[in-house]
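Topology and contacts: notes
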Amino acid sequence: MERVSGLLSWTLSRVLWLSGLFERGAARQPRIMEEKALEVYDLIRTIRDPEKPNTLEELEVVTESSVEVQEINEEDYLVIIRFTPTVPHCSLATLIGLCLRVKLQRCLPFKHKLEIYISEGTHSTEEDINKQINDKERVAAAMENPNLREIVEQCVLEPD
């Protein structure tokens, strides 16, 4: 009877663990998302500003807290970036968003859906820019422009 009880207990804990209801699995989940968010941040922090000789991290355009990762399912993640332009009328905010998107699409080692936004209240035309940088067709069209593509390439180029 003890043996059956032990087997039943083990089976139940395994089922709960696999379903994500077991304490250890649930406690691990936030840590995994934090690790993925740090992985994303490490990729974007070195992107160079289009008009200054600084990185987005140095200018505090992106910070660790501006990156959020949520699990969609076992293999897919939603990556949300909220960046803050240096001034409310920054004319290069769309270009910065494009650089973020290009770098992550190229370098992120896990399957993801990407959403990039300007931090709320930090830009005079944030709604329009948010639409542009999250529209696949507009992003593709922008990257077909050789001048724009060259600027993006220079911004996302890894430092030596």
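Residue positions are given per chain, counted from 1 along the sequence in the order it is written. Only residues with pLDDT of 70 or above have their local features reported here, since the model is predicted, and side-chain atom pairs are shown and tallied only from 80 upward, although totals for entire chains, interfaces and linings are computed over all residues. With hydrogens and water stripped out, all remaining heavy atoms of the structure feed into the side-chain values.

Looking now at unusual backbone geometry. Trans peptide bonds make up the majority, and among non-glycine residues the majority have a negative phi. In this model, Glu-60 sits at a positive phi of 60 degrees, which is unusual for a non-glycine residue. Of note, Glu-60 is situated in the loop between helix H2 (23–44) and strand S1 (67–71). Glu-60 sits in the exposed class, given a relative accessible area of 58%. Under the DSSP-based scheme used, a helix requires at least four consecutive residues in state H or I and a strand at least two consecutive residues in state E, with every element numbered from the N terminus. For the exposure calls, accessible area comes from a 1.4 Å probe over protein chains only, and a residue counts as buried if that area is under 20% of its type's maximum, exposed if over 50%, partly exposed in between.

Checked against the element boundaries, Asp-76 lands in strand S2 (residues 76–83). Any N or O atom pair separated by 3.5 Å or less is treated as a polar contact, with the protein-specific requirement of one donor-capable and one acceptor-capable atom, and with residues adjacent in sequence counted only for side-chain atom pairs. A polar contact is formed between the side chain of Asp-76 and the side chain of Lys-111, at a distance of 3.5 Å. For this analysis, residues touch if any pair of their heavy atoms sits within 4.5 Å. Once residues within four sequence positions are removed from consideration, Asp-76 is found in contact with Glu-71 and Lys-111.

Where S2 lies against strand S3 (residues 111–118), eight bridges are found, and the strand directions are parallel. When the bridges of S3 are listed, Leu-78 appears paired with Lys-113. Consider the strands pointing away from the viewer: the crossover is right-handed when the path from the first strand over the helix to the second runs clockwise. After leaving S2, the chain enters helix H3 (residues 93–107) and then returns to the sheet as S3, a path that is right-handed. Paired strands, in this sense, are two strands between which DSSP finds at least two bridges.

It is worth spelling out the nonpolar core at this point. Membership of the largest hydrophobic core comes to 39 residues, with the highest contact counts inside it found for Val-40, Ile-44, Ile-81, Phe-83 and Leu-100. When residues of this core are traced back to their parent elements, those giving at least two are H2, S1, S2, H3, S3, helix H4 (126–133), helix H5 (136–144) and helix H6 (146–156). By residue number, the principal contributor to this core is H3, which donates eight residues. When sequence neighbours within four positions are dropped, the list of residues in contact with Ile-44 reads Leu-56, Val-62, Val-67, Ile-81, Leu-100 and Leu-104. Note on terminology: a nonpolar core comprises buried Ala, Val, Leu, Ile, Met, Phe, Trp, Tyr and Cys residues joined through side-chain atoms within 4.5 Å.

Without other data, these values stay purely geometric and don't point to any function.
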